Amino acid sequence: MDGFPSTAPPPTRRLSADAAGLEQAAALIAAGRLVALPTETVYGLGADATDPAAVAGIYAAKERPSFNPLIAHLPTRAAAMAQGVFDAHAQKLAEHFWPGPLTLVVPVAPGGTVCDLARAGLDSVALRVPGHALARDLLARVGRPVAAPSANRSGRVSPTRAAHVLADLDGRIAAILDGGDCPVGVESSVVACLGGPPRLLRPGGVTREALAAVLGFSPETGGEVGARPVGPGLLASHYAPRAGVRLDATRIAPGEAVLLFGAFRPEGLAEACAAENLSEAGIAEEAAARLFSALRRLDASGASVIAVAPVPEAGLGEAINDRLRRAAAPR
């Protein structure tokens with residue numbers, strides 16, 4: 001199993017984004033192995049979602065709590081909708097945002113094939129049709145749902161390029177399909193449609209404003225952290241670098257690393273050991289795409305604390321701040 005081998009594991013294979021690479025990746029997943037794949041949001045760690053042993057490999061490689069459910073990825077809207085029970089709200093969201101960076105949590109269909117372990121024992125299932133063409137091509141070749149949480153150690157910074165995956169998981173997984181940088185850069189929005197009004201469990205690549213425009217109302221905020229999260233990415237401490245994270249920093253202490261946004265410059269910036277600006281122009285979309293790479297570079301500076309300048313909440317700022325708050329949470 002791609003988890004904790006007793007002997008030195010072989011290095012993870014790096015597959016090219018061509019027909020040969022896709023065929024190799026699909027064959028590995030079909031054989032129960034773990035393959036990292038690109039999506040428009042972040043790289044996912046893919047395994048056959050119908051195979052409990054393969055799914056167990058994801059939890060082992062990521063060192064992920066087994067009660068945290070996984071997103072099952074499908075190549076088409078029809079394939080995804082066969083796995084769940086979609087009410088009118090879920091159907092509307094799927095029709096508008098799939099393929100794309102939206103995950104829907106719905107009741108599992110009577111004939112659904114996503115295994116109990118991938119659903120963390122719940123009677124709901126998290127489904128997504130990614131907007132990345134290479135990912136959909138791979139999923140079509142696999143021909144079954146693929147569970148694919150972010151391809152990193154659990155709780156660490158999510159990967160937006162192949163090198164990030166290898167830094168965390170080299171030797172723990174069979175291969176990575178290298179599709180270049182992920183254009184969105186933050187995970188999918190997660191919306192639960194489990195009866196009653198839809199709930200936004202996790203802000204992400206589809207903004208609250210965009211969801212409201214389709215639904216005709218703003219979704220409720222839900223998914224408070226409890227003993228058993230009903231969706232992925234809801235643990236309080238998540239997306240965390242090794243350094244501590246200090247939010248809404250207006251003054252920098254000597255030796256801190258600094259994450260900036262826009263033109264704002266905190267006092268004491270000259271004392272920082274390293275600095276990254278998510279977007280000099282203050283554009284949330286650019287900031288989201290750069291967030292995890294910037295956190296990784298600042299973490300590599302050796303600073304014990306990363307101070308984060310304020311980021312506005314509007315649009316994708318809500319998703320950026322959600323990831324930053326989880327990165328700063330007690331561990």
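See the structure printed just above.
None of these values were measured; they are calculated from a predicted model.

Calculation rules
- Residues numbered from 1 in each chain as written.
- Predicted model: local features only at pLDDT ≥ 70, side-chain atom pairs only at ≥ 80, totals over all residues.
- Heavy atoms only, no water.
- Helix = DSSP H or I, 4+ residues; strand = E, 2+ residues; numbered from the N terminus.
- Rg over C-alpha atoms; globule rule 2.2 N^0.38 Å.
- Buried < 20%, exposed > 50% of the residue type's maximum accessible area, 1.4 Å probe, protein only.
- Contact = heavy atoms within 4.5 Å.
- Areas by Shrake-Rupley, 256 points an atom, 1.4 Å probe, with all protein chains shown as cover.
- Lys, Arg positive; Asp, Glu negative; His and termini not counted.
- Charge placed at Lys NZ, Arg CZ, Asp CG, Glu CD.
- Phe/Tyr/Trp six-rings, centres within 6.5 Å; stacked < 30°, edge-to-face > 60°.
- Pairing = 2+ DSSP bridges.
- Axes fitted to C-alpha atoms, helices over the stretch in contact; angles between N-to-C directions.
- Arc of directions from axis to C-beta.
- Core = buried A, V, L, I, M, F, W, Y, C linked by side-chain atoms within 4.5 Å.

Participant: Looking at this structure, how should I read the overall build of the chain?
Facilitator: Within the chain one finds nine helices and 15 strands. At 19 Å, the chain has a C-alpha radius of gyration in line with the 20 Å of a compact globule built from 331 residues. Among the 331 residues that make up the chain, the fraction classed as buried is 56%. Across the chain, the fraction of contacts at a sequence separation of at least 24, relative to all contacts at a separation of at least 6, is 68%. Just so you have it, the chain exposes about 12,300 Å², and 55% of that area is on carbon and sulfur atoms. When the 31 basic and 32 acidic side-chain charges of the chain are each reduced to a single mean position, those positions are 3 Å apart.

Participant: What's the story with the packing of aromatic side chains in this structure? I'm lost.
Facilitator: What the rule picks out here adds up to one aromatic pair. Plain terms: the ring middles of F86 and W98 are 6.0 Å apart, the flat faces sit at 70 degrees to each other, and that makes the pair edge-to-face. Taken together, the positions of F86 in the loop between α3 (77–81) and α4 (88–97) and W98 in the loop between α4 and β5 (102–107) put the pair 12 residues apart, joining distant regions of the chain. Note on W98: relative accessible area 4%, which makes it buried.

Participant: Please clarify how the sheet that holds β5 should be interpreted in this entry.
Facilitator: By way of backbone hydrogen bonds, the strands of a sheet pair with one another, either parallel or antiparallel. One open sheet holds the 11 strands; their spatial order is β1-β8-β2-β3-β7-β4-β6-β5-β9-β10-β11, and the pairing between them is mixed. The open sheet has two free edges, formed respectively by β1 (13–15) and β11 (220–221), since each of these has just one partner strand. With two bridges joining them, strand β4 (residues 71–73) and strand β7 (residues 146–147) adopt antiparallel strand pairing. Bridging across to β7, H73 finds its partner in V146.

Participant: Help me understand the sheet that holds strand β12 (residues 244–246), please; the structure alone is not making it clear to me.
Facilitator: If you trace the four strands from one edge of the open sheet to the other, you get β12-β15-β13-β14, paired in parallel fashion. Single-partner strands in this sheet number two, and they are β12 and β14 (274–277). The mean inter-strand angle of the sheet, taken between neighbouring strand axes irrespective of direction, is 20 degrees. Bridge analysis of strand β13 (residues 257–260) against β14 gives four bridges, and the strand direction is parallel. Looking at the pairing, V258 lines up with A275 of β14.

Participant: Would you mind going over helix α6 (residues 162–169) with me for this structure?
Facilitator: Because the α-helix completes a turn every 3.6 residues, residues three or four places apart line up on one side. Every buried residue belonging to α6 is among A162, H164, V165, D168 and L169, and all of these are buried. Buried residues of α6, seen end-on, are gathered within an arc of 160 degrees and therefore sit on one face of the element. Buried residues along α6 sit against β1, β2 (35–37), β3 (44–48), α2 (52–62), β8 (175–177) and α8 (284–299). Just past α6, the residue G171 takes up positive phi, approximately 90 degrees.

Participant: Hey, could you run me through the nonpolar core in this one?
Facilitator: One recurring pattern in soluble globular proteins is that nonpolar side chains are buried together. In this structure, L93, W98, L102 and L104 are the most contacted members of the largest nonpolar core, which totals 45 residues. Sorting the residues of this core by element identifies β3, α2, α4, β5, β6 (124–128), α6 and α7 (208–215) as the ones contributing at least two each. By size, the runner-up hydrophobic cluster in this structure holds 27 residues, among which are V157, V186, A257 and V311.

Nothing here speaks to function; it is geometry throughout.
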